[in-house]
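Residue-level structure breakdown
So the chains spell out like this:
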Amino acid sequence: MKKNLQTDCIHGGEDRFKPHDSITTPIIQSSTFVFRNSEEIRRFTQKEHFRYEYGRYGNPTQKAAERKLAILEGAEEAVLFASGMSAIINTLLTVLKNGDHMIITDDAYGKTLSFCKNWLPKWGIDRTVVNMSDYDAIEKAIQPNTRLFFSESPTNPYLNIMNFSRLREIKSRYPQMIVVSDSTFATPFNQRPLELGADIVIHSATKYLAGHNDILAGVVLGSAELIQDIVNFQKIMGGVIDPHCAYLLLRGLKTFSVRMEKLNKAGEEVAQWLENHPKIRRCYYPALASHPHHEVAKREMNGYGSVVSFELDGDIDASNRFLDNLKLCYIGPSLGGCETLITHPATVTYYTCTREERYQLGILDNLFRLSVGLEDTEDIIEDLDNAMKAI
Ligand SMILES: *Cc1c(COP(=O)(O)O)cnc(C)c1O
């Protein structure tokens, strides 16, 4: 774990003295930044003086949030986007070109997978989807033109964990390949992929980083060189974060490590309780000895987050009755916020798939994903317990 993380959450990346001696970094709600005279233009274009010019090329509130995130992740640079997906797509399209090949692991975020499978080939970029836990298959999939390896850890909904030591060892044989890790579920509190061998880390800041279920945002972190390429492409593609949103992210980050400490603890408590409950067939959480990647998680992570997946002992009707009897937990997608959220992948995320297709992906009728929130854990457990009585 990074030292003094909480102090960095509060002060990191922000100027000590801010405009008008405001204690908070203000929202600079401006699309454009004016030049006073031709001398200012000259100094700006000659790079003698750093300043802002136009909202798509950067904003002071955004910059403060980027600096804070870079410090928290231990990255040289960070760039924010309007959403996690925008961050992912801008990164892939910056690094990859016609004729390149990339590898993505099979239980990546649905829309990321869909982009790689259905859209990249339109631009002449080939991709192979591999089983996340099969390191021999990962290495076999690498071709001379493989430029990028993309994975997530932990994954959704089974919380599979990437073994970064093994990945780093494979990567050392293929210097042309960069490793991109979507670390949304881990956060810089629980894992530091850049120190474990990744070249680029991406987060949907919508989740734990902002932490209040109130904004969409995405961030890409890495070396100054890689991030500069991505920034240059963003200047063309757009997808920038709004200054007000950047402020809400900065505000959310002030309590990031306090929230994570509590969420890690709450996630573990709820997972233990679920695992021992007679109406639960199976519970997935990396802190549990029953999780297939428990050992590697213990070695390479500082905590396991607040997402817990479980299978009820019942069919689809029992699953619906369980949902209908929840009074505290909200039913909805997303994770990492203050409010406990539960999703039923079979009826929400995979509603367009047939039952056979879903079962092939391992999405059973009775599977749930819970994002434990910041309420008193005993109240969350009581709500789950009461709803289970109805099945
Ligand atoms: C939510 C999520 C995304 C997409 O982020 P948005 O902010 O919703 O665009 C990408 N990857 C993971 C792992 C996510 O959970």
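Whatever comes next refers back to the structure up there.
Presented here is an overview of the structure given in this document. (Residues numbered from 1 in each chain as written. Predicted model: local features only at pLDDT ≥ 70, side-chain atom pairs only at ≥ 80, totals over all residues. Heavy atoms only, no water.)

**Things to note about the site of the ligand**
- Taken together, 13 residues sit near the ligand, with Gly84, Asp182, Ser204, Thr206 and Lys207 positioned nearest.
- Lys207 is positioned such that a nitrogen or oxygen atom in its side chain is 2.8 Å from an oxygen atom of the ligand.
- Relative to its unbound accessible area of 380 Å², the ligand is 92% covered by the protein chains.
- Most atoms of the ligand, that is more than half of them, are within 2 Å of grid points of the largest pocket.
- Among the elements that take part in the shell around the ligand, helix α4 (residues 84-95) stands out by supplying 3 residues, more than any other.
- In the shell around the ligand, the residues fall into 5 nonpolar, 5 polar and 3 charged. (Near = heavy atom within 4 Å. Polar contact = N/O pair within 3.5 Å; in protein donor to acceptor, adjacent residues only side chain to side chain. Areas by Shrake-Rupley, 256 points an atom, 1.4 Å probe, with all protein chains shown as cover. 1 Å grid on protein atoms, 1.4 Å probe; cavity = no way out; pocket = protein on both sides within 12 Å on 5 of 7 lines; lining within 4 Å. Sits in = over half its atoms within 2 Å of the grid points. Helix = DSSP H or I, 4+ residues; strand = E, 2+ residues; numbered from the N terminus. Nonpolar A, V, L, I, M, F, W, Y, C, P; charged D, E, K, R; others polar.)

**Section: the sheet that holds strand β10 (residues 330-331)**
- Strand order in the open sheet made by the 5 strands is β8-β9-β12-β11-β10, with mixed pairing throughout. Because the sheet does not close on itself, it has two edges, and the strands there are β8 (280-284) and β10. (Pairing = 2+ DSSP bridges.)

**Observations regarding the pattern of salt bridges**
- Going through the model one piece at a time under the given rule, you end up with 20 salt bridges.
- The partner of Glu14 in a salt bridge is Lys254, and the shortest N-O contact between them spans 3.0 Å. On the criterion of sequence distance, the pair formed by Glu14 in the loop between α1 (5-11) and α2 (38-45) and Lys254 in helix α10 (residues 243-254) is long-range, its members being 240 residues apart.
- A salt bridge links Asp199 to Lys171, with the nearest nitrogen and oxygen atoms 2.7 Å apart. Taken together, the positions of Asp199 in the loop between α8 (187-190) and β6 (200-204) and Lys171 in helix α7 (residues 164-171) put the pair 28 residues apart, joining distant regions of the chain.
- Since its relative accessible area comes to 18%, Lys171 is described here as buried. (Salt bridge = Lys/Arg side-chain N within 4 Å of Asp/Glu carboxyl O. Buried < 20%, exposed > 50% of the residue type's maximum accessible area, 1.4 Å probe, protein only.)

**Re α2**
- Capping the start of α2, Asn37 holds a side-chain oxygen 3.2 Å from the backbone nitrogen of Glu39, two or three residues further along.
- Remark: Lys47 follows α2 within two positions and exhibits a positive phi of approximately 60°.

**Some points on the layout of surface pockets**
- Reported here for the largest pocket is a volume of approximately 1300 Å³.
- Forming the walls of the largest pocket are 43 residues, and the residues nearest its centre are Tyr109, Gly110, Lys111, Thr349 and Tyr350.
- For the lining of the largest pocket, the secondary-structure elements that each account for two or more residues are α4 and α5 (110-119).
- Sorting elements by how many residues they give to the lining of the largest pocket places α5 first, with 6 residues.
- Residues of the lining of the largest pocket, tallied by class, amount to 18 nonpolar, 17 polar and 8 charged.
- Lining the lining of the largest pocket are residues from two domains, each supplying at least three of them: domain 1 (5-254) and domain 2 (257-388).
- Size it by volume and the second largest pocket reaches roughly 670 Å³.
- Residue lining of the second largest pocket: 26 residues in total, with Phe50, Tyr57, Gln228, Val231 and Lys235 positioned closest to the centre. (Points joined across faces, edges and corners; volume = space filled by probe spheres on them. Domains from an automatic or database assignment.)

**Notes on the pairing of strand β1 (residues 77-81)**
- Among the 5 residues in β1, 4 count as buried, and that is most of the element.
- With 5 bridges connecting them, β1 and strand β7 (residues 218-222) associate as antiparallel partners. Of the residues in β7, the one forming a bridge with Val79 is Val220.

**Here we look at the packing of aromatic side chains**
- For the coordinates displayed, the defined rule picks out 11 aromatic pairs.
- A centroid spacing of 4.7 Å and a plane angle of 65° characterise the contact between Tyr158 and Tyr284, whose relative ring orientation is edge-to-face. In this pair, Tyr158 sits in the loop between β4 (146-152) and α7 while Tyr284 sits in strand β8, placing the two residues 126 residues apart along the sequence. Across the pair, exposure class does not vary: Tyr158 and Tyr284 are buried alike. (Phe/Tyr/Trp six-rings, centres within 6.5 Å; stacked < 30°, edge-to-face > 60°.)

**With respect to the sheet that holds β1**
- In spatial order, the strands read β1-β7-β6-β5-β4-β2-β3; together these 7 strands make up an open sheet with mixed pairing. Single-partner strands in this sheet number two, and they are β1 and β3 (126-130). When the angles between neighbouring strand axes are averaged without regard to direction, this sheet yields 20°.
- The strands touched by helix α3 (residues 60-73) are β1, β6 and β7; relative to β1, the strand with the most contacts, the crossing angle is about 130°. (Axes fitted to C-alpha atoms, helices over the stretch in contact; angles between N-to-C directions. Contact = heavy atoms within 4.5 Å.)

**Thoughts on the environment of Leu96**
- The topology assignment puts Leu96 in the loop between α4 and β2 (101-105).
- When its relative accessible area of 5% is taken as the criterion, Leu96 is described as buried.
- In this structure the C-alpha to C-alpha distance between Leu96 and Arg147, which are 51 residues apart in sequence, comes to 6.9 Å.
- Setting aside anything within four residues of it in sequence, one finds Leu96 in contact with His101, Met102, Leu120, Ile125, Arg147 and Leu148.

**Looking at the packing of α4 against α5**
- One way to put it is that α4 packs onto α5 with a least axis distance of 10 Å and a crossing angle of 30°. Classified by the angle between their axes, α4 and α5 sit roughly parallel to one another. Note on packing geometry: the crossing formed by α4 with α5 is right-handed. Every residue of α5 that contacts α4 at Met85, Ile88, Ile89, Leu92 and Leu93 is listed here: Lys111, Thr112, Phe115 and Cys116.
- Each residue belonging to the contact of α4 with α5 can be placed in one class, and the counts come to 7 nonpolar, 1 polar and 1 charged. (Parallel < 35°, antiparallel > 145°, perpendicular 65-115°, else oblique. Left-handed = near helix turned anticlockwise from the far one by under 90°.)

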